[in-house]
Amino acid sequence: MLNRRTILGAIGALAMLGAAVPASAQETYIPLISKGFQHQFWQAVKAGADKAAAEFGVTVTFEGPDTEAQVDRQIDMLAAALAKNPQAIGFAALDSQAAIPLLRKAQEAGIPVIAFDSGVDSDIPVATASTDNLAAAALAADKMAELIGGEGKVALVVHDQTSRTGIDRRDGFVNRVEEAYPNIEIVTVQYGGGDHLQSTEITKSILQANPDLKGIFGANEGSAIGVVNGARELGKTDLVIIGYDSGAQQKQAIRDGLMAGAITQNPVGIGYETVAAAVKAIKGEEVPAAIDTGFYWYDKSNIDDPEIAAVLYD
Amino acid sequence: MTTEAATPAAPSPAAARLSGAHHRLLAFASLIVLVLGFSLASPNFMQTSNIIAILQATSVNGVLAIAATLVIITGGIDLSVGTLMTFCAVICGVVLTYWGLPLPLGVLGAILAGAAAGFCSGTFVAKLKVPPFIATLGMMLILKGLSLVISGTRPIYFNDTPGFTEIAQGSIVGVLIPSVPLPNGVLILFLVAIAVSFILSKTALGRYTFALGSNEEAVRLSGVNTDRWKIAVYTLAGSICGIAGLLIASRLNSAQPALGQGYELDAIAAVVIGGTSLSGGRGTVLGTLIGALIMSVLLNGLRILSVAQEWQTVVTGSIIILAVYIDMLRRRKL
C-alpha cells in the first residue's frame, strides 16, 4: 500500500513538473552553462541573457555549479544541456581542458559554442564575450597611483591564484605598477578565496604588519568588501581602497567614502552579448571572435550616472 | 498492508532480510518511476547519450557512496570521503606528472594514499576513541589542506600520461559491443559495487562490519578485537575513495585541488536514500547504488526539463527527506 501510494505520489509530482514545462520543440533554445549561479555577478549575467532572449525571441536557461571548484558538476551540466539538442550553447569554462571532449561533441553536432566570462582555451568557441581583466586591473593601478600621489606601499587582496580572473587581475595591477610607477612598492599579494570574512582577516593582518600602507586593491566583490571591513575594524580611515565589481555593500562603501572607487565589468553586457552572438551564429552570420564587453571606473562622482548605474548590480 | 501484517512482529533475521529487500524494491521502484516520468516528459531524456551521461555523473558519487556505506554500517560516519578523493587524485598527479612514473604506479599511489588516510581515520576512531564525526571532520580538513599544499594550489594535468583519460572516459565495453559505449568509469563503479557486496556478504570483514554497527559491545565481549576490524573497514573505505579519486582525475584529465568539499554530503545522501541506516548495522551496496542513481537521474531529468536551478536543489532536498521518512515508516512497522 505504501509502495503504491509512493509511486502514485511520485507520478503526480512528475506530471506537475511536466505540465510546468512548455513544449519547446520548435523554439530556438540556447542553454548557458556558467561558472556560478548564486553570486550577484552571475545573476546580473543571467539578467543580460534573459534580456537578449526576450529581444530575439529565443529560450535560454542559465545554470552553474555552487562553487568555482566544482569542475565535474559543470561538466555534468554541460552534458545535460547537450542532451537537449540546443541550437547553440554558451559556456564559461571552470577548466577548459576538462570540457574539451564535450565541446568537441557539440562542434561535431554543429552546435556553435559561445564562450563567456573567462573563455575557453580552445579554437572550438566561435566567439568569446568577456572583460579584458588585464586592462581593467591596470586601470585600477593607475587610479591607485593617482590617489596615493604616485608613491608609497600598497597591497593586493585577490580571490585566488588559480582562476583566470584572479591571475589576470593580479598581474594586470602588479605589472602596471612595476612598469609605470617605480616609487610604488607592492608589499604583499594575499588570497582570501573571495570570502568576505577571510578577506577581512587577511586585510587586518596586512595592516598590522604594514602600518604605513597607503592603499589596498581588492580584486573581486568579496575581497573588496573584506578590505573595507578590515580597515573599518582597525579604525584605519586614511587607506585608499579600490574594489572590483559592484554589489549593494560595495556601492554603499563608495557612497560612504570608505572605498575610493572600483572597477566594474559589464555583467549584463556579458550575458546579453553571449546570447546575441549565439543567435547570429545560429543564423550563420559572422561573429567576431573576441567580443570585449567593456569595463568602467566608478566612484562617488559618477556612481549615479545612467551609463554606470546600468552596469552596476546590487 | 496484508504483507506487512503477515510479517512476524519480532525482528527475526528472516523478517529483516525481507524488509531490506522490500526497501530496495521501493527505492528501485522510485528510480523506475523517475526514469519513466522523465522519459514521458521529454523526448531528450531517454537517449543513449543522455543515459550514459547520467551513469557517468553517477560514477564518482556512487563509488564515494559505497565507501561511505561501509563506514555507516559500522555505526560511524565518514565526512572525509570528498576531500580524500581529491587528495588521492593529487597524489596520482604527483606520481604521474611530477615524477613521470608509469600509469600503474599512479593508480597504485592513489589507492594506497586512500588506504593510508582511511587507516589514520580508523585509528583515530578505534584507538584514540575520537567520535567518527569529529575524526573524519578533522581528516576532511587535513586532507583538503594537504591537497592544496602538495599541488601548490594549481590543478595538476595528466597530459604527459597518454591513456590516463581512458580510465574513466574510455570504453572497453564499447570496443566489445559497439552499440553500448558504456564508459569505463561506470564499469569501474559496477565492479567496485560487486566487490564490496561480496566482501559484505561473504567475508569475515563483512560480518564484523555489520556486527560492529549492531552491537559493538557484544562483539568485543565475545573476544573479538573490534579495534582491528574497525580500522580495517575505514582502510577499505579509504582505498575505495582512492578509486573515486582516479575516476574524477581521469574524467577531468586533471587533479583539481580545491574540489571535493561538499561531495561527502551527496555520498551520504545516496547512502541514506538507498536505505542504509545512519544508526548502523543495516545497509546494502545495491541500495546505495540505487540511491546514487536516483540522485543523478533526478538532477539530470530536472535539467532536461529546464527546471530552474533554485528549484532543482529544493526537489533534491525533499527527495532525501521523503526517502528517509519512508524508511522510518517501514521500520516502525517491524
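Residues numbered from 1 in each chain as written. Chains lettered and ligands numbered in written order. Predicted model: local features only at pLDDT ≥ 70, side-chain atom pairs only at ≥ 80, totals over all residues.

Identification of chain A as ABC transporter substrate-binding protein from Neoaquamicrobium sediminum is taken from an unreviewed UniProt entry. Chain A has a UniProt comment under Subcellular location (unreviewed entry) that states "Cell envelope". UniProt, in the comment section headed Sequence similarities (unreviewed entry), describes chain A in these words: "Belongs to the bacterial solute-binding protein 2 family." (UniProt positions renumbered as here; feature names shortened; annotations may be inferred.)

## Some points on helix α3 (residues 48-73) of chain B
Residues and elements named next belong to chain B. Over its 26 residues, α3 extends 35 Å from the first C-alpha to the last, a length consistent with the 38 Å expected when each residue adds 1.5 Å. Across the 26 residues of α3, 22 count as buried, placing the element largely inside the fold. Looking one or two residues past α3, Gly75 carries a phi angle of roughly 90°, positive in sign. (Helix = DSSP H or I, 4+ residues; strand = E, 2+ residues; numbered from the N terminus. Expected span 1.5 Å × (residues − 1). Buried ≥ 20, exposed ≤ 12 C-beta atoms within 10 Å, placed from the backbone.)

## Side note on the domain arrangement of chain A
Residue and element names in this part refer to chain A. What the domain assignment lists for chain A is domain 1 (26-131 + 267-294) and domain 2 (133-264). Its C-alpha centre places domain 1 at a distance of 30 Å from the equivalent point of domain 2. Across the boundary between the two partners, domain 1 contributes five residues, which contact eight residues of domain 2. Within the side of domain 1 that touches domain 2, the residues separate by chemical class into one nonpolar, three polar and one charged. (Domains from an automatic or database assignment. Contact = placed C-beta atoms within 7 Å. Nonpolar A, V, L, I, M, F, W, Y, C, P; charged D, E, K, R; others polar.)

## Side note on the interface of chain B and chain A
The interface is formed by 38 residues belonging to chain B together with 31 residues belonging to chain A. In terms of residue count, the dominant contributor to the side of chain B that touches chain A is helix α2 (residues 13-41) of chain B (eight residues).

## Let's talk about the nonpolar core
If you look at the biggest cluster of nonpolar residues, it comprises 156 residues, and the most contacted ones within it are Val63(B) and Leu64(B). When sequence neighbours within four positions are dropped, the list of residues in contact with Leu64(B) reads Val81(B), Gly82(B), Met85(B), Cys241(B), Ala244(B), Tyr263(B) and Ala267(B). Ranked by size, the runner-up nonpolar core spans 42 residues in total, among them Ala137(A), Val158(A), Val240(A) and Met259(A). (Core = buried A, V, L, I, M, F, W, Y, C linked by C-beta atoms within 7 Å.)

## Structural notes on the confidence of the model for chain A
Mean pLDDT over chain A works out to 88, with 92% of the residues at or above the 70 mark. Counting contacts from residues 15-25 of chain A, a segment whose pLDDT is below 50, to residues more than four positions away or on other chains yields ten contacts. (pLDDT = per-residue confidence, 0-100.)

## Comments concerning the UniProt feature "domain: Periplasmic binding protein" (unreviewed entry) in chain A
Residues annotated in UniProt with the feature "domain: Periplasmic binding protein" (unreviewed entry) correspond here to residues 32-286 of chain A. The span residues 32-286 of chain A carries 50% helix and 19% strand; its end-to-end C-alpha distance comes to 20 Å.

## Some points on the sheet that holds strand β6 (residues 152-158) of chain A
Strand pairing within a sheet occurs via backbone hydrogen bonds; the two strands may be parallel or antiparallel. All names here are of chain A. The strand order across the open sheet built from six strands is β7-β6-β8-β9-β10-β12, with neighbouring strands paired in mixed fashion. Since the sheet does not close on itself, it has two edges, and those belong to β7 (184-191) and β12 (295-299), each with one partner. For this sheet the average axis-to-axis angle between neighbouring strands, irrespective of direction, equals 20°. Inspection of the sheet shows β6 paired to strand β8 (residues 213-218) by five bridges, in the parallel sense. (Pairing = 2+ DSSP bridges. Axes fitted to C-alpha atoms, helices over the stretch in contact; angles between N-to-C directions.)

## What about the packing of helix α2 (residues 40-56) of chain A against helix α10 (residues 267-283) of chain A?
All names here are of chain A. Put simply, α2 and α10 touch, their axes get as near as 6 Å, and they point 40° apart. The angle between α2 and α10 falls in the class oblique. Read as a crossing pair, α2 and α10 show a hand that is right-handed. Across the interface between the two elements, Phe41, Ala44, Val45, Lys46, Ala47, Gly48, Ala49, Lys51, Ala52, Ala53 and Phe56 from α2 touch Pro267, Val268, Gly269, Ile270, Gly271, Tyr272, Thr274, Val275, Ala276 and Val279 from α10. Across the contact of α2 with α10, the residue classes tally to 15 nonpolar, four polar and two charged. (Parallel < 35°, antiparallel > 145°, perpendicular 65-115°, else oblique. Left-handed = near helix turned anticlockwise from the far one by under 90°.)

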